[in-house]
Amino acid sequence: MSNTKEIQRRIKSVQNTRKITSAMEMVAATKMKRAAEAVLATRTYANLSWETILNLSQVNGVASMHPLLTRREKVKKVGVILITSNRGLCGGFNNKIIQKAHDSVLKHPYNKDNEPIETEFILMGKRGRAIYKYYGYNIAAEFDKPDLAGTVNEVAPVAQMAVNDFLAEKYDKIMVAYTDYVSASVQVPRVKQILPVDIEAQDEYLGIMGQDTRVGVDKEYMEQKSEKHASTGDHTQEYTFEPSPREVLDEMVPRLVEVQLLQALLESNASEHSARMNAMHQATDSANEIVHDLTLYYNKARQAAITSEISEISAGANALSDQ
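Below is a summary of the structure that appears in this document. (Residues numbered from 1 in each chain as written. Predicted model: local features only at pLDDT ≥ 70, side-chain atom pairs only at ≥ 80, totals over all residues. Heavy atoms only, no water.)

## Remarks on unusual backbone geometry
This is how the line gets drawn: Helix and strand assignments follow DSSP, with helices taken as H or I runs no shorter than four residues and strands as E runs no shorter than two, numbered in order from the N terminus. Think of it in three bands: with a 1.4 Å probe and only protein chains considered, a residue is buried below 20% of the maximum accessible area for its type, exposed above 50%, and partly exposed in between.
Here the residue pair Leu195 and Pro196 is connected by a cis peptide bond, since its omega of -5° sits within 30 degrees of zero. Within the secondary structure, Pro196 is located in the loop between β5 (187-195) and α5 (219-232). Despite not being glycine, Leu89 has its phi angle at roughly 60°, a positive value. At Glu169, a residue that is not glycine, the phi angle is positive and equals roughly 65°. A relative accessible area of 57% means that Glu169 is categorised as exposed.

Given below as structure tokens:
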């Protein structure tokens, strides 16, 4: 690096890289804004629809009317829908959700009969393949993931596969591993149970951006609700089903699964673009620091070269004068 031309070449290379990372930051910021708007537009509907089906599952006799609402006594196999990105350059976004999914599996290795629980993954996003590369889990299927999801049709094939496999008893539980969008700087990896629909399952709700006003989001709400029912003697809500409970649930529950998967995808997309924006911002800042340090080093090297040349000229002049 003592050669000034080499330093100049290095500075130009870093400056070109800085232009690329800066452009990628702006693109990611634009996509993040659109994705965050989509998240906010659908989050209330997704949460209220989830609350509705949770309430339905508590009505006497309703849970037993539909297999998607019925918990199985023995869990032998679990399917996990893993949502990652298609590309890299987004910091630790993919590593965090993959690690979260792996930790979730390790948390429940055995069922109540002390038998090992088998886990398979259904991927949305190419980077999810790392779950096999690093941990050896079996991948049952892989679906394309759009960078900016718009309609429920984009998750319909995944939802249909999940419902069909659960009804066929291929899986006893189906989870979705996604990244919850909190803010542009905070994204939280989560694992949520979507089948069977169970009010006792942890992490029931999607989305925690801004002030958390979700109904039933924590145990305090559920306790207040139970106390209210205890004081009034009303432990159930009355629902009227037309034409019949089974026909209504046959249509309603699969649609709910689609809505929950769509919301998880929207949350993950917003988180991905935020993570990429932050990663490219940090890369641009690092490039600026490198250019600054290289410029100082170049100036010192150039000054040293000039001083050396002056010294040589002075020495030559002195030698001629001595003659």
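Now that the structure has been shown, we can carry on.
## Observations regarding the packing of aromatic side chains
Basically, it comes down to this: Aromatic rings from Phe, Tyr and Trp, taking only the six-membered ring of Trp, are treated as a pair when their centres fall within 6.5 Å; an angle between ring planes under 30 degrees marks them as stacked, one over 60 as edge-to-face, and anything in between as tilted.
Scanning the entire structure with this criterion turns up two aromatic pairs. With a centroid separation of 5.1 Å and 55° between ring planes, the pair formed by Phe121 and Tyr137 is classed as tilted. Of the two residues, Phe121 is situated in strand β2 (residues 118-124) and Tyr137 in the loop between α3 (130-135) and β3 (138-143); the sequence distance between them amounts to 16 residues. For Phe121, a relative accessible area of 0% corresponds to the buried category. When the centroid spacing of 6.4 Å and the interplanar angle of 45° are considered together, the rings of Tyr135 and Tyr137 count as tilted. Given a relative accessible area of 31%, Tyr135 falls into the partly exposed group.

## Describing the sheet that holds strand β4 (residues 173-181)
The condition is simple: A pair of strands is labelled paired if DSSP reports no fewer than 2 bridges between them. Axes here refer to lines fitted to C-alpha atoms; in helices the fit is confined to the stretch in contact. Angles between the N-to-C directions go from 0 to 180 degrees. Residue contacts are counted whenever heavy atoms from the two residues lie within 4.5 Å of one another.
The strand order across the open sheet formed by five strands is β3-β2-β1-β4-β5, and the pairing between neighbours is mixed. Edge positions in the open sheet fall to β3 and β5, since each of these has one partner strand only. Recorded for the sheet is a direction-independent mean angle of 25° between the axes of neighbouring strands. As defined by bridge partners, strand β1 (residues 77-83) adjoins β4 across five bridges and the pair is classed as parallel. In the strand pairing of β4, Val80 is matched with Met175. Against the sheet, helix α2 (residues 93-107) touches β1, β2, β4 and β5, its axis set at about 45° to β5. On top of the sheet, helix α4 (residues 156-167) reaches β1, β2, β3, β4 and β5; it is set at about 145° to β3, its chief contact.

## A look at the nonpolar core
The criterion, for reference: In this text, buried Ala, Val, Leu, Ile, Met, Phe, Trp, Tyr and Cys residues form a nonpolar core when linked through side-chain atoms within 4.5 Å.
Membership of the largest hydrophobic core comes to 44 residues, with the highest contact counts inside it found for Ile53, Ile81, Ile174, Val176, Val197 and Leu261. Mapped onto this core, the elements with two or more residues apiece are α1 (4-58), β1, β2, α4, β4, β5 and α6 (245-322). When residues in this core are grouped by element, the largest group, eleven residues, is from α6. Residues contacting Val176, with those up to four places away along its chain left out, are Ile81, Ile83, Arg190, Val191, Lys192, Ile194, Leu261 and Ala264. Judged by nonpolar contacts, the second largest core, of 17 residues, contains Val78, Ile97, Leu123 and Ala177.

## Some details on the pattern of salt bridges
Rule in force here: By salt bridge we mean one thing: a side-chain nitrogen of Lys or Arg within 4 Å of a carboxyl oxygen of Asp or Glu.
Scanning the model with the defined rule gives 15 salt bridges in all. One salt bridge connects Lys112 with Glu73, and the closest N-O pair in it is separated by 3.1 Å. Residue Lys112 is located in the loop between α2 and β2, and its partner Glu73 is located in the loop between α1 and β1; the two are separated by 39 residues in the primary sequence. Residue Lys112 shares its accessibility class with Glu73, and that shared class is exposed. A salt bridge links Glu258 to Arg255; its shortest N-O distance comes to 3.2 Å. You can see Glu258 and its partner Arg255 sitting in helix α6, three residues apart, about one turn around the helix. The exposure class of Glu258 is buried, given its relative accessible area of 11%.

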